[in-house]
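# Topology and contacts: notes
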Amino acid sequence: LREEGRLTARIYAVPWLAGVEDLAKLGIRHGFGDEYLRVGALKSFADGSAGSRTAYFLEPYSDNPDARGLIGEDLQPLSLVRARMQRADAAGLQLCTHAIGDAAISTVLDLYAEVAAANGTRDRRLRIEHSQHLGARDFDRFARLGVIASVQPYSVIDDGRWIGARIGPDRAARTYAFRTMLEHGVHLAFGTDWPVAPLDPMQTLYAATTRATLDGLNPKGWISEQKLTIAEALAAYTQGSAYAEFQDTAKGTLRPGALADFVLLSADVLAIPPEQLREVKVLKTWVGGRLVYDAVP
C-alpha cells in the first residue's frame, strides 16, 4: 500500500522485543522509515488481563484469594529480558511493555530504571501499555523516569462494571487513574486497544470525560474524581500520542510546518456536554492535506 501510494493512515509498527538482535544489527532506530510507515519500538508482555485474572498483582484478587495473576513469559527470566531491554535501548530502540496489574507495572518500572542507569541519561520515552492498576508509590516513579502511560479510556466504562469486586476499593481507586497521573506529571497517550475495544475515537473521549459505565449504574462516573476535561482528553489523544512515538514536532497539533492531518466533526467537542461526545461523527478526514474519507461522497 505504501509503495502504491494507497496508505491513508500513518503506521508506527512495533515488533517483538525478542527480535532485538536482528533489528539492532540492521541499524533500525526509533522512527525508522518515513511519514507514513515507521518502525523502531519493541513490544513485550509483563502480564495478562484483569478479566482473565492473569493481570499480575502485589496482593491476591479480592474475589479469589488464591490468585495474584501471572507474570508474562516475556519477563521470564528477568535476567534475559533485562539484557534484551538494555540492548534495545543502547541501539536506540524504544521500549513498549504491556503491564496491567500493579506488580507487573512495578516490575517494568524496575527494569526501565535499570536500563536508564546502565545506558545513561537521554530522551528514550519508555512506554507502559495500559498502565491500568498502579501501586501508590509508582505514580511518582512514572514521572521521575519519564515513562509514558499509553492508556485506553474505553476500558474504564467497560471494566468499571465489574473490576471493583475483583480487586477491592483500595486498588480500584488507583485504576485508570488518569487525573492522578496528570497531577504527578505523567505523560498520557490515548488509544483504543482495537479490536478489544471500539476503534471510534469519540467513544474514547466520552469514556475519559464521563467514566459512565456501560451498564448505566454510574451516570456521574465510576471513580469520578479521575475524570478528565475534554481539552485534557484531546491533548492526550493528539499531542500525547504524537509525543509517545517521537513525532510531537511533526504531528499532534495544527500549526505551520506540521503534517496536515485533521478531521471535520459533526459537532464542536469543546462546546458540547461530555455526555454527547459518543454521538459525534467524523464527516471528513484529511491526511497530509489530502481528503481520504468523506461520509457523504
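For the structure, see preceding data.
This report concerns the structure included in the present document. For every chain, the first residue of the written sequence is number 1, and numbering continues from 1 onward in sequence order. Owing to the predicted nature of the model, reporting of local features is limited to residues with pLDDT of at least 70; listing and counting of side-chain atom pairs is limited to 80 or more, with chain, interface and lining totals taken over all residues. For the side-chain quantities, the full set of heavy atoms in the structure was used; hydrogens and water were omitted.

Turning next to the overall build of the protein chain. Only runs of H or I of at least four residues qualify as helices and only runs of E of at least two qualify as strands under DSSP, and these elements are numbered from the N terminus. Scanning the protein chain from terminus to terminus reveals nine helices and 11 strands. For 297 residues, the compact-globule formula gives about 19 Å, and the C-alpha radius of gyration of the protein chain, at 19 Å, lands near that figure. Taken along its principal axes, the extent of the C-alpha atoms in the protein chain is 55 × 55 × 30 Å. Accessibility here uses a 1.4 Å probe with only protein chains present; expressed as a share of the type maximum, an area under 20% marks a residue as buried, one over 50% as exposed, and anything in between as partly exposed. Out of the 297 residues in the protein chain, the part that is buried amounts to 48%. By definition in these notes, contact holds between two residues if any of their heavy atoms fall within 4.5 Å. When contacts within the protein chain are restricted to residue pairs at least 6 apart in sequence, those whose partners lie at least 24 apart make up 68%. Throughout, the radius of gyration refers to the C-alpha atoms, and the reference size of a globule is 2.2 Å times the residue count to the power 0.38.

Following DSSP output, two strands are said to pair if at least two bridges run between them. Note that strand β9 (residues 262-265) and strand β10 (residues 282-287) share four bridges and pair antiparallel. Opposite Leu264, over in β10, you have Lys284 as the bridge partner. Bridge count between β10 and strand β11 (residues 290-294): four bridges; the pairing is antiparallel. Looking across to β11, one finds that Trp286 is bridged to Leu291. Between β10 and β11, which pair antiparallel one after the other, the connecting turn spans two residues, and Gly288 there sits at a positive phi close to 60 degrees.

To continue, consider the pattern of salt bridges. The working definition used for a salt bridge is a side-chain nitrogen of Lys or Arg within 4 Å of a carboxyl oxygen of Asp or Glu. Applying the stated criterion to the full structure yields 20 salt bridges. Across the salt bridge formed by Asp261 and Arg10, the nearest N and O atoms sit 2.6 Å from each other. Note that Asp261 is positioned in the loop between α9 (230-244) and β9 and Arg10 in the segment before β1 (11-13), a separation of 251 residues in sequence. On the accessibility criterion, Asp261 (26% relative accessible area) is partly exposed. Of the residues examined, Arg10 reaches a relative accessible area of 17% and is grouped as buried. Three or more residues are tied together by salt bridges with common partners; here these are Arg38, Glu245 and Lys251.

What follows deals with unusual backbone geometry. At the junction of Gln76 and Pro77, the peptide bond is cis and its omega measures out at -15 degrees in the coordinates. Residue Pro195 is reached from Trp194 by a cis peptide bond, and omega for that bond is 10 degrees. Here Pro195 is to be found in the loop between β8 (187-190) and α8 (201-210). Here the phi dihedral of Tyr176 falls at roughly 50 degrees; this positive angle occurs in a residue that is not glycine. Here Tyr176 shows up in the loop between α6 (163-172) and α7 (178-183). The phi angle at Asp193 is positive, at roughly 65 degrees, despite the residue not being glycine. Along the polypeptide, Asp193 turns up in the loop between β8 and α8.

Positionally, Ser131 belongs in the loop between β6 (127-130) and α4 (138-145). Here Ser131 falls in the buried class, since its relative accessible area comes to 1%. Separated by 29 residues in the primary sequence, Ser131 and Asp102 place their C-alpha atoms 8.4 Å from one another. Not counting chain neighbours up to four residues away, the residues in contact with Ser131 comprise Ala99, Ile105, Phe142, Ala149, Ser150, Val151 and Met181.

Counted residue by residue, α8 has nine buried out of 10 residues, so it is predominantly covered. Looking only at α8, the buried set comprises Met202, Gln203, Thr204, Leu205, Tyr206, Ala207, Ala208, Thr209 and Thr210. Structurally, α8 contributes buried residues whose contacts are with α5 (154-159), β8, α9 and β9. The term polar contact refers here to a pair of N or O atoms within 3.5 Å; inside protein, the definition further demands a hydrogen-donor-capable atom paired with an acceptor-capable atom, and it admits residues adjacent in sequence only when both atoms are side-chain atoms. N-capping of α8 is provided by Asp200, with a side-chain oxygen placed 2.9 Å from the backbone N of Met202. Positive phi shows up at Arg211, right after α8, with a value of about 50 degrees.

So far we have only geometry, and geometry alone does not tell us how the molecule works.
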